[in-house]
Amino acid sequence: MSQTGIGEKAAPLNENATQRQFMRHRLVRKVQENTHFLAMTSMVCGLLGFPHYLLDVDNNVWLAQLLTYLTFILVSYNLLLENGRTNLAMLTMSLVTISLFVVQLSPYAADFNDTAHVLRMTTDMQVHHFSQVLEYAAGALLACLIATSYLFQRSGWLATSQAILYVAVMIPLIPLLGFFCGVAQPYGIMSPLTTLSGLLCAFSLLAKHASHPPMSYLLLMDDNGKQIRFSIVFLSFFAIMLARAGVEFGDNMLRALPVVVVVSILAIIYTMTATYYRKGQTSEQIVLPAADMDFASQVETALDNQQFYMVYQPQIDFNSGKLKGVEALVRWRHPQKGIISPEKFIRVAELTGLIVPLGKWVMRTACTEAAKWRDDPVLGKIEVAVNVSALQLKSGTLVEDILQILEETGLAPERLVVELTESAFVQDDGQNASIMHRLKEAGVKLAIDDFGTGYSCLSYLRDIPGDYLKIDRSFVMELPGHDKAEAVIKAIVSLGKSLGYRIIAEGVETEAQAKFLKDIDSDIVQGFLYSRPLEAEALQHWATENLPAQTPQ
């Protein structure tokens with residue numbers, strides 16, 4: 001039984017492009033998983049800069065800096081808690097809080113909160129006294145934007161939150177860029193600790209939801225978006241060069257010209273990004289949506305954490321009434337969402353390439369379970385059918401993987417049935433047929449799944465050494481009484497028989513369906529009429545209660 005109609009759903013998306021997109025998404029997810037390091041460093045900078053020693057300055061200035069650092073610390077602390085880093089958050093705050101009181105006793109404690117002092121240490125330029133009001137007002141504005149962005153993020157308004165953060169990071173970056181470009185008097189530049197703490201806090205908020213729109217459209221866009229990414233990098237570099245050139249004009253009014261050009265370039269970058277974002281929202285998706293990418297990451301995590309499990313649906317021989325075999329089907333037991341059916345995760349696994357490691361796990365688990373049944377009086381001789389995707393065929397190691405699994409588990413090759421959909425053989429250059437012949441030579445049996453629902457190119461039936469032909473449930477569910485469905489099924493049975501295939505009818509739910517299929521000489525039946533898919537232990541119990549002991553076939 002096919003777990004979902006993968007071929008038809010996957011067709012609009014380019015397979016290789018989607019897999020490359022998922023690799024980029026995986027990198028972004030790694031950044032997201034390490035968000036706590038950014039938040040922790042932001043806390044350290046904020047705690048070290050906490051203005052205990054500024055009680056002798058103007059109250060408004062002291063209050064502005066106090067609220068600024070407090071905002072950075074609280075946002076970073078909450079990010080640590082949200083990422084499950086409670087102990088790390090408490091440890092960081094405790095250690096730095098204790099150490100900063102020691103540091104504050106030093107006469108040099110305020111140096112890193114004094115912009116003028118830092119500039120004198122790092123450059124030979126003559127630095128005029130900076131307006132503390134301007135410095136701390138810029139810091140307070142940054143803190144307000146970060147706090148607002150965090151509240152929007154908590155409310156689920158991710159696009160708005162990211163837009164605010166884009167503005168926020170420019171507040172410390174623009175004067176910092178001016179400093180590195182040689183601007184002698186970067187008015188309003190924030191103190192180093194304010195700059196570091198604010199930037200790290202903003203970047204940790206951005207990293208936390210980097211895989212969600214609109215940022216995801218910039219980071220994860222398909223290969224056609226390479227031109228946009230290159231343009232953004234080129235224009236940004238050009239803007240920096242113009243800013244550096246503007247310094248050479250001194251006090252001349254021409255200094256304003258590079259500023260205008262830089263602002264124009266930044267506007268172009270914004271327009272390009274926003275245009276692509278709207279295109280991704282309103283037109284046909286040319287990349288896998290960010291939600292599906294997140295879901296794919298959950299599938300990968302589930303595979304690592306062994307959240308998948310196997311169920312087996314019995315296949316009954318029409319003539320003898322005995323159990324002929326079982327089809328192995330994968331299920332997902334999510335720790336929060338409960339059981340997730342294959343229809344929700346197989347397609348995403350196919351598109352992102354995760355179906356290859358998942359399929360290998362399914363093959364190994366099914367063979368291991370079947371090998372354990374060798375001494376069971378009912379299940380000891382039955383076959384186990386395992387679905388194999390087209391991507392597994394393309395991996396180039398399918399035959400070696402199967403033979404290795406059979407050797408490791410001790411399962412006899414003739415007890416394994418490899419099921420493939422007919423779409424796997426369309427436009428085949430002969431490689432897939434060669435793989436089938438190698439498996440057949442090793443003793444493994446082969447089945448064509450979902451026959452009649454895809455392209456139905458009959459030439460591959462002649463070329464591959466198949467054993468079973470499976471009638472898709474979409475035809476069976478219309479039985480009896482639907483003339484066209486009956487005609488199609490009769491034709492499939494007649495064709496399969498003439499080519500030496502045994503016919504398996506899946507999705508049988510009523511006695512009337514079973515009688516029609518038996519009357520037209522189908523060999524094996526599978527469906528809810530006989531049993532739902534069962535876990536291994538439940539299958540053994542079902543077989544013992546409902547079937548006689550099997551004899552070698």
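Per chain, the residues get numbers from 1 upward, laid out in the order the sequence is written. For a predicted model such as this one, the threshold for reporting local features is a pLDDT of at least 70, and the threshold for listing and counting side-chain atom pairs is 80 or more; totals across whole chains, interfaces and linings nevertheless cover every residue. Side-chain metrics in this entry use all non-hydrogen atoms of the structure; hydrogen atoms and water are not considered.

### So, the overall build of the protein
Helix and strand definitions here come from DSSP, where helices need a minimum of 4 consecutive H or I residues and strands a minimum of 2 consecutive E residues; each element is numbered from the N-terminal end. A count of helical and extended segments in the protein gives 23 helices and 9 strands. Burial classes follow relative accessibility: with a 1.4 Å probe on protein chains only, a residue under 20% of its type's maximum area counts as buried, one over 50% as exposed, and anything between as partly exposed. A buried classification covers 49% of the 553 residues belonging to the protein. When contacts within the protein are restricted to residue pairs at least 6 apart in sequence, those whose partners lie at least 24 apart make up 73%. Only carbon and sulfur atoms are counted for the fraction: they give 60% of the accessible area of the protein, which is about 26,800 Å². Whether two residues are in contact is decided by their heavy atoms: any pair within 4.5 Å suffices. Method for areas: the Shrake-Rupley scheme with a 1.4 Å probe, in which residue coverage is limited to the protein chains shown.

### Looking at the nonpolar core
We call a set of buried Ala, Val, Leu, Ile, Met, Phe, Trp, Tyr and Cys residues a nonpolar core when their side-chain atoms join them within 4.5 Å. Grouped together as the largest cluster of nonpolar side chains are 82 residues, with contacts concentrated most on Tyr 312, Phe 345, Leu 358, Val 384, Leu 416, Val 418 and Leu 517. Among the elements that take part in this core, helix H15 (residues 355–372) stands out by supplying 8 residues, more than any other. Among the nonpolar cores identified, the runner-up in size contains 29 residues, and Leu 79, Leu 142, Leu 145 and Ala 202 belong to it.

### So, the environment of Leu 539
Mapped onto the elements, Leu 539 comes out in helix H23 (residues 536–546). Separated by 213 residues in sequence, Leu 539 and Val 326 have C-alpha atoms that sit 9.5 Å apart. Look past the residues within four positions of Leu 539 in its chain and what remains in contact with it is Tyr 312, Pro 314, Val 326, Trp 373, Leu 379 and Leu 534.

### What about the side chain of Ser 197?
Secondary-structure assignment places Ser 197 in helix H9 (residues 192–208). Note on Ser 197: relative accessible area 0%, which makes it buried. Apart from residues no more than four positions distant in its own chain, Ser 197 is found in contact with Ser 42, Cys 45, Gly 46 and Phe 72.

### Section: the packing of helix H3 (residues 35–48) against H9
Between N-to-C directions, angles span 0 to 180 degrees; the directions come from axes that are lines fitted to C-alpha atoms, helices contributing only their stretch in contact. At a closest axis distance of 8 Å, the pairing of H3 and H9 adopts a crossing angle of 155 degrees. By the angle between their directions, the pair H3 and H9 is classed as roughly antiparallel. Considering only the axes of H3 and H9, their crossing is left-handed. Contact residues: Thr 35, Leu 38, Ala 39, Thr 41, Ser 42, Cys 45, Gly 46 and Leu 48 in H3; Leu 193, Leu 196, Ser 197, Leu 200, Cys 201, Phe 203, Ser 204, Ala 207 and Lys 208 in H9. Any angle that is under 35 degrees is reported as roughly parallel, and any over 145 degrees as roughly antiparallel; angles of 65 to 115 degrees are reported as roughly perpendicular and all others as oblique. Should the near helix be turned anticlockwise from the far one by less than a right angle, the crossing is left-handed, and should it be turned clockwise, the crossing is right-handed.

### Some details on the confidence of the model for the protein
For the protein, per-residue confidence averages 75 on the pLDDT scale, and residues scoring 70 or more make up 64% of the total. Per-residue pLDDT stays below 50 along residues 1–14; that stretch engages in 39 contacts with residues further than four places along the chain or on separate chains. pLDDT under 50 marks residues 115–130. Its contacts with residues more than four places away, or in other chains, come to 24 contacts. Each residue carries a pLDDT score, the predictor's confidence in it, ranging from 0 to 100.

### Observations regarding the pattern of salt bridges
Any carboxyl oxygen of Asp or Glu within 4 Å of a side-chain nitrogen of Lys or Arg constitutes a salt bridge here. This model, assessed by the stated rule, comprises 15 salt bridges. In this structure, Lys 497 engages Asp 521 in a salt bridge whose closest nitrogen and oxygen atoms are separated by 3.8 Å. In this pair, Lys 497 is assigned in helix H21 (residues 483–498) and Asp 521 in the loop between helix H22 (511–519) and strand S9 (524–526), connecting sequence segments 24 residues apart. Shared partners join several salt bridges into a network, and the residues in it are Glu 327, Glu 419, Lys 470 and Glu 506.

### Side note on H21
For H21, spanning 16 residues, the distance from its first C-alpha to its last is 23 Å, which sits close to the expected 22 Å at 1.5 Å a residue. Of the positions making up H21, those classed as buried are Ala 485, Glu 486, Ile 489, Ile 492, Val 493 and Gly 496. Considered in projection along H21, the buried side chains sweep an arc of 125 degrees and stay on one side of the axis. The exposed residues of H21 that point more than 90 degrees off its buried face are Asp 483, Lys 484 and Ser 498. Check the buried side of H21 and you find it contacts strand S6 (445–451), strand S7 (468–471), helix H20 (473–476), strand S8 (502–506) and H22. Note on H21: the residue one or two positions beyond its end, Gly 500, has a positive phi of about 90 degrees. A helix's residues, less one, multiplied by 1.5 Å, set its expected span. The directions from the helix axis to the C-beta atoms are what the arc is built from.

### A look at the packing of aromatic side chains
Each pair of aromatic rings taken from Phe, Tyr and Trp, with Trp reduced to its six-membered ring, is defined by centres within 6.5 Å and is described as stacked if the planes are under 30 degrees apart, edge-to-face if over 60, and tilted in the remaining cases. On inspection of all chains with the given rule, the structure shows 7 aromatic pairs. Judged by centre distance (5.6 Å) and plane angle (40 degrees), the ring pair of Phe 308 and Trp 332 falls under tilted. A residue pair is termed long-range when its members are at least 10 positions apart, and Phe 308 in strand S1 (residues 308–317) and Trp 332 in strand S2 (residues 323–334) qualify at 24 residues. Using a relative accessible area of 0% as the deciding quantity, one classes Trp 332 as buried. A centroid spacing of 5.4 Å and a plane angle of 75 degrees characterise the contact between Tyr 312 and Trp 373, whose relative ring orientation is edge-to-face. Highlighted residues: Tyr 312 in strand S1 and Trp 373 in the loop between H15 and strand S4 (383–387), separated in sequence by 61 residues. The pair formed by Tyr 312 and Trp 373 is uniform in burial state, with each residue classed as buried. Three or more aromatic residues link up through ring pairs in this structure, and these residues are Phe 295, Phe 308, Trp 332, Phe 345 and Trp 361. A ring is scored as having a charge over it whenever the NZ atom of a lysine or the CZ atom of an arginine sits within 6 Å of its centre and within 35 degrees of its normal. A cation over a ring is seen here: Arg 333 above Tyr 309, with NZ or CZ 4.1 Å from the ring centre.

### Remarks on the environment of Ala 371
On the secondary structure map, Ala 371 appears in helix H15. Overall, the relative accessible area of 4% leaves Ala 371 in the buried class. Separated by 44 residues in sequence, Ala 371 and Arg 415 place their C-alpha atoms 9.2 Å apart. Ignoring anything within four residues of it in the chain, the contact list for Ala 371 reads Thr 409 and Leu 411.

### A closer look at H22
Turn by turn, an α-helix covers 3.6 residues, leaving residues three or four places apart pointing in a common direction. Looking at H22, one finds that the buried residues are Gln 513, Ala 514, Phe 516 and Leu 517. Taken end-on, H22 shows its buried residues confined to a sector of 165 degrees, consistent with a single buried face. Summarising the geometry of H22, the exposed residues directed more than 90 degrees from the buried face are Glu 511, Lys 515 and Asp 519. Looking at the buried side of H22, the elements it contacts are H20, H21 and S8.

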